[in-house]
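The chain contents come next:
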There are 2 protein chains.
Amino acid sequence: MDSETAGLLKRLIARERIAHLGTLRGGAPLVSLVSFLAAPDFSAFTLHVSRLAWHTQDIEKEPQVSLLVAEADDRRADPQTLARATVRGSAVRLAAAGVEHERLKAAWLARFPEAAITFELADFSFWRVVPHDARFVAGLGRTFNLSAAALRAAAAA
Amino acid sequence: MDSETAGLLKRLIARERIAHLGTLRGGAPLVSLVSFLAAPDFSAFTLHVSRLAWHTQDIEKEPQVSLLVAEADDRRADPQTLARATVRGSAVRLAAAGVEHERLKAAWLARFPEAAITFELADFSFWRVVPHDARFVAGLGRTFNLSAAALRAAAAA
């Protein structure tokens, strides 16, 4: 992946706020919408989800997930040219207090100020998705398979 | 689900052109972006995909899929209020010729005129996802579990 393409990936992940989370539910895939926050070096993707949500119940049982970050449809002629990246990784719940929690909470609220109420609710937790690999479709026919290291390298593009 | 909510679901599925497709790949979820066309009665969601694509290879082995149709992020204050619907169902490949193929091809090209080239390529086929059930999040805290029959009823809303 050249530096121009890496820059496209970096800007996509930095710009989009929502991801489409794939989990396993009863052995079948389930896709749901989540807000996400990428670590600046793309070594982790943080979610803040309720254990009342199906996707949270799913990852409590099976941590393997897929996160699709896609350019929002701007009604261009061909939606297949929308850039998108799929990250595959494992989800782990983070501690509900401590320095890391406070750091993530501040970053989360900076990005999602309307989410303040969720920090008053006992059923919400941070989860960290650590990428195993990624697949970037920069547009029609321009697909790149990336290791976790190559994904981190794109963050520095 | 009241008729106003059913109308929201109907308009969401009618308006959006892309879906986030969850498949099983090596036992783990994979989410990728696809264009889709819903049957007018929501009894089927049609995809036109290449067998070179991972998601097509996945559904050839395991037909259980999930399709998330989400309102495009319009940069509102709280992305959790975006409407979205997850359909779970089974995918089956359709015949590459015949009346049904021609009908779908005409409908597909009316919606995706830039996709004409894909009908010249031997690796593309139509697949039909028949819903088993659906889950509609009309906004924060407004979640509805729908049978396939209830999904079809929304199409008539």
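Definitions and cut-offs
- Residues numbered from 1 in each chain as written.
- Chains lettered and ligands numbered in written order.
- Predicted model: local features only at pLDDT ≥ 70, side-chain atom pairs only at ≥ 80, totals over all residues.
- Heavy atoms only, no water.
- Buried < 20%, exposed > 50% of the residue type's maximum accessible area, 1.4 Å probe, protein only.
- Helix = DSSP H or I, 4+ residues; strand = E, 2+ residues; numbered from the N terminus.
- Arc of directions from axis to C-beta.
- Contact = heavy atoms within 4.5 Å.
- Pairing = 2+ DSSP bridges.
- Buried area = accessible area lost by both parts, 1.4 Å probe.
- Salt bridge = Lys/Arg side-chain N within 4 Å of Asp/Glu carboxyl O.
- Least-squares fit on C-alpha atoms with pLDDT ≥ 70 in both.
- Axes fitted to C-alpha atoms, helices over the stretch in contact; angles between N-to-C directions.
- Parallel < 35°, antiparallel > 145°, perpendicular 65-115°, else oblique.
- Nonpolar A, V, L, I, M, F, W, Y, C, P; charged D, E, K, R; others polar.
- pLDDT = per-residue confidence, 0-100.

(A) Just helix 4 (residues 148-155) of chain B, in detail. Residue and element names in this part refer to chain B. The complete set of buried residues in helix 4 reads Ala-148, Leu-151, Ala-154 and Ala-155. Projected down its long axis, helix 4 shows its buried positions confined to an angular sector of 115°, all on one face. Close packing links the buried residues of helix 4 with helix 1 (3-15), strand 4 (45-50), strand 6 (84-93), strand 7 (124-139) and strand 8 (142-147).

(B) Broad picture of the pairing of strand 5 (residues 64-70) of chain A. Residues and elements named next belong to chain A. For strand 5, a buried count of six out of seven residues is recorded, marking the element as mostly surrounded by other parts of the structure. The pairing of strand 1 (residues 18-25) with strand 5 spans three bridges and is antiparallel. Counterpart to Gly-22 in the pairing with strand 5 is Ser-66. Sheet analysis places strand 5 next to strand 6 (residues 84-93), joined by seven bridges and oriented antiparallel. Opposite Val-65, over in strand 6, you have Gly-89 as the bridge partner.

(C) Highlighting the interface of chain A and chain B. On the side of chain B, 41 residues touch chain A, which itself brings 41 residues to the contact. The junction of chain A with chain B conceals about 3,600 Å² of combined surface from both sides, 59% of it contributed by carbon and sulfur atoms. In this structure, the connection of chain A to chain B is made through two salt bridges. Between Arg-17 of chain A and Asp-73 of chain B there is a salt bridge, and its shortest N-O distance comes to 2.7 Å.

(D) Geometry of unusual backbone geometry. Despite not being glycine, Arg-75 of chain A shows a phi value in the positive range, around 65°. Residue classification places Arg-75 of chain A among the partly exposed positions, given a relative accessible area of 45%. With a phi angle near 60°, Phe-42 of chain B is a residue other than glycine that sits in the positive phi range. With respect to the helices and strands, Phe-42 of chain B occurs in the loop between strand 3 (37-38) and strand 4. Since its relative accessible area comes to 5%, Phe-42 of chain B is described here as buried.

(E) Inspection of the side chain of Thr-5 of chain B at higher detail. All names here are of chain B. Along the chain, Thr-5 turns up in helix 1. What makes Thr-5 buried here is its relative accessible area of 4%. The residues touching Thr-5, leaving out its near neighbours within four places in the chain, are Phe-136, Ala-138, Arg-142 and Phe-144.

(F) Representation of the relation of the copies chain A and chain B. Overlaying chain A on chain B yields an RMSD of 0.0 Å, the required transformation being a rotation through 180° with an accompanying axial translation of 0.0 Å. The transformation just described matches what one would write down for a two-fold rotation axis. Taken as a fraction of all interface residues of chain A, those also at the interface in chain B reach 100%, which identifies the copy contact as same-surface.

(G) Region of the structure containing the packing of helix 1 of chain B against helix 4 of chain B. All names here are of chain B. Direction vectors running N to C along helix 1 and helix 4 enclose 85°, while the axes themselves pass 8 Å from each other. Comparing the axis directions of helix 1 and helix 4 gives the class roughly perpendicular. Two secondary-structure elements touch here, helix 1 through Ala-6, Leu-9, Lys-10 and Ile-13 and helix 4 through Leu-151, Ala-154 and Ala-155. Tallied by class, the residues present in the contact of helix 1 with helix 4 amount to six nonpolar, no polar and one charged.

(H) Looking closely at the pattern of salt bridges. Using the criterion set out here, one finds 20 salt bridges over all chains in the structure. In this structure, Glu-16 of chain B engages Arg-15 of chain B in a salt bridge whose closest nitrogen and oxygen atoms are separated by 3.4 Å. What makes Glu-16 of chain B buried here is its relative accessible area of 4%. A salt bridge links Glu-60 of chain B to Arg-93 of chain B; the shortest N-O distance between them is 2.6 Å. Here Glu-60 of chain B, found in helix 2 (residues 54-61), pairs with Arg-93 of chain B, found in strand 6; they are 33 residues apart in sequence, far enough to count as distant. Because the salt bridges share partners, they merge into one network encompassing Arg-17 of chain A together with Asp-73 and Arg-75 of chain B.

(I) Spatial organisation of the confidence of the model for chain A. Per-residue confidence for chain A gives a mean pLDDT of 97; residues scoring 70 or more make up 100%. In the predicted assembly, ipTM is 0.97 and pTM is 0.97.

(J) How the structure looks around the pairing of strand 6 of chain B. All names here are of chain B. In terms of residue burial, strand 6 counts as a mostly covered element, since seven of its ten residues are buried. For strand 6 and strand 7, the ladder comprises ten bridges, and the chain directions are antiparallel. Its bridge partner lying in strand 7, Arg-93 is registered against Trp-127.

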